[in-house]
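Chain residues, written in single-letter form:
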Amino acid sequence: MNYDVPIKQRLQAKAALAGIPILGTFELTPRCNFQCKMCYVRLTPEEMQPLGRERTAEEWLSLGRTAFDAGMTFLLLTGGEPLLRPDFPQIYEGLAKLGLSVSLNTNGTLISEEIRALFLRYPPAQVNITLYGTTRETYAALCGNADGFDRVTDALHWLKAQSILVNLNATLTPWNVNEWAAMEAFAAAEQLNYRPTIYTFPPARRSSADNYARLSAEKIGRMLAAKEVAGKSPEHIKQFLQESEYVAAPQKPAAEGEPLHCFAGKSQFWVAWNGKMTPCGMLNCPQSDPFETSFREAWEEIKAETAKIRLCPDCVSCAHRKFCATCAAVNHAETGSFSGKPEYMCRMTQTFVEFLRAAIE
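These numbers come from a predicted model, not from an experiment.

Caption draft 1: Here's a closer look at the overall build of the chain. Per the secondary structure count, the chain includes 14 helices and 8 strands. Radius of gyration (C-alpha) of the chain: 21 Å, near the 21 Å computed for a compact globule of 361 residues. Dimensions of the chain along its principal axes, counting C-alpha atoms only, are 60 × 45 × 40 Å. Buried positions account for 48% of the 361 residues belonging to the chain. Counting only contacts in the chain whose residues sit at least 6 apart along the sequence, the fraction spanning at least 24 positions is 74%. If you sum the accessible surface of the chain, you get close to 16700 Å²; carbon and sulfur atoms cover 52% of it. Averaging the coordinates of the 37 positive side-chain charges in the chain and doing the same for the 39 negative ones gives two points 3 Å apart.

Caption draft 2: Here's a closer look at the state of the cysteines. Counted under the stated rule, the structure contains 0 disulfides. Cys280 supplies the cysteine sulfur nearest to Cys285, a cysteine that is in no disulfide, at a spacing of 10 Å. Exposure remark for Cys285: the relative accessible area of 26% places this residue in the partly exposed category. As a non-bridged cysteine, Cys327 has Cys262 as the owner of its nearest cysteine sulfur, 6.5 Å distant.

Caption draft 3: Quick look at the pairing of strand S7 (residues 268-271). Sheet topology note: the strand S1 (residues 23-27)/S7 ladder contains 4 bridges and is parallel. Looking at S7, one finds that Gly24 is bridged to Phe269. From the end of S7 to the start of strand S8 (residues 277-278), which pair antiparallel, there are 5 residues, and Gly275 there has a positive phi angle of about 95°.

Caption draft 4: Inspection of the packing of aromatic side chains at higher detail. Considering all chains together, one arrives at 15 aromatic pairs under this definition. Feature note: the residues Phe34, Tyr132, Tyr139, Phe149 and Phe186 constitute an aromatic cluster, connected by ring pairs. Its end group placed over the ring of Trp175, Lys37 keeps NZ or CZ at 5.3 Å from the ring centre. Above the face of the Phe291 ring, Arg55 is positioned so that its terminal group lies 4.5 Å from the ring centre.

Caption draft 5: Representation of the sheet that holds strand S3 (residues 101-106). Strand order in the open sheet made by the 8 strands is S6-S5-S4-S3-S2-S1-S7-S8, with mixed pairing throughout. Each edge of the open sheet is held by one strand with a lone partner, namely strand S6 (193-197) and S8. Sheet strands touched by helix H3 (residues 57-69): S1 and S7. Its angle to S1, the strand with the most contacts, is close to 175°.

The rules behind the values
- Sequence order as written defines residue numbering, which begins from 1 separately in each chain.
- With pLDDT at 70 or above as the cut-off, local features in this predicted model cover only qualifying residues; side-chain atom pairs require 80 or more to be listed or tallied, and sums for whole chains, interfaces and linings still use all residues.
- Hydrogens and water molecules were not included; the side-chain quantities draw on all heavy atoms of the structure.
- Per the convention used, a helix needs a DSSP run of H or I reaching at least four residues, while a strand needs a run of E reaching at least two, with both numbered from the N terminus.
- In this setup the radius of gyration rests on C-alpha atoms only. A globule is expected at 2.2 Å times the number of residues raised to 0.38.
- Only protein chains enter the accessibility calculation, which uses a 1.4 Å probe. A residue is then buried if its area is under 20% of the maximum for its type, exposed if over 50%, and partly exposed in between.
- Contacts between residues were defined by any pair of non-hydrogen atoms, one from each residue, lying within 4.5 Å.
- A 1.4 Å probe and the Shrake-Rupley method give the accessible areas. Residues count as covered only by the protein chains that appear here.
- Charged-residue counts in this description rest on Lys and Arg as positive and Asp and Glu as negative, His and the chain ends being excluded.
- Think of each charge as sitting on NZ of Lys, CZ of Arg, CG of Asp or CD of Glu.
- Our working definition of a disulfide is a cysteine sulfur pair at a distance within 2.5 Å.
- Here, strands pair whenever DSSP counts at least two bridges between them.
- Only Phe, Tyr and Trp rings are paired, with Trp represented by its six-membered ring, and only when their centres lie within 6.5 Å; those with planes under 30 degrees apart are stacked, over 60 edge-to-face, the remainder tilted.
- In our convention, an over-ring charge means Lys NZ or Arg CZ found within 6 Å of a ring centre and within 35 degrees of that ring's normal.
- All axes here are fitted lines through C-alpha atoms, helices being fitted over the stretch that makes contact, and every angle between N-to-C directions spans 0 to 180 degrees.

The structure is reproduced here in structure tokens:
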């Protein structure tokens, strides 16, 4: 079952044309009760100190009110693990009472009786639970929490029983890649929309990359290609390649890359735990501070700076551009520059295409 709402996407597209911040994300904390090896944001209290402080419940509510006045309609609350905050019920209830469509990102292990009662009073528009595997062993190895899978299962069953919309998100890593099919099967059995993330960002927002690891670009490319060709004839694969490859590439390299294609900094924004606003959560810059100035000033600054961003010029003439999932956040995380060439993504895409071509030979 897919809970993506077409009207929401159409509203966001219209808002982007007008520069209205219709979709916002409040990252309430970088703290988490999991210790996932691939996490790009998790910080300990000690690691947080030189970077700022968590904003108070009243500060988030005040920001929510001014963002609502500026046009914010859809709001995602995330972390870290947002339910770690003792004042989460206060923040959530206050924002819900504004009339916002509030969704939640969570690992699903802290949906206590208090949170359940809160959600019965003010049902969230959607709860996105991250699935890390389908066994206690995988949760222990990847998240440091062997009870995670049982708690997640209990939480999503309760949410479904209350007719609260649930998505299952997943990030594939060296620790859970062998359970990819099992996770898909679990989601199908639970009749939930399953959204796997194949690409893992470098830990650009973490203070340390200890224990960080991800699948090789070549392995991901092969996995994606194998999934693409499964059950398809060579003729179908050949047609797919012909229709998707960019054959009208310029003869000369482009002098400038393309601007952002997504809604980041056009109709959506992200405010991190320490109050810094960025176009999206995967970007550390451009950055403004709605708590030091005002929401409207910070949003106008983000819009203006986002409009200046240009991507890698080489991508303009790449024959495989339609297969590639790179973006400004990926470029910056991989290379330190928006216009940098993300070789990891290049290798992944090249392997994907080579696998497809081999399948029709």
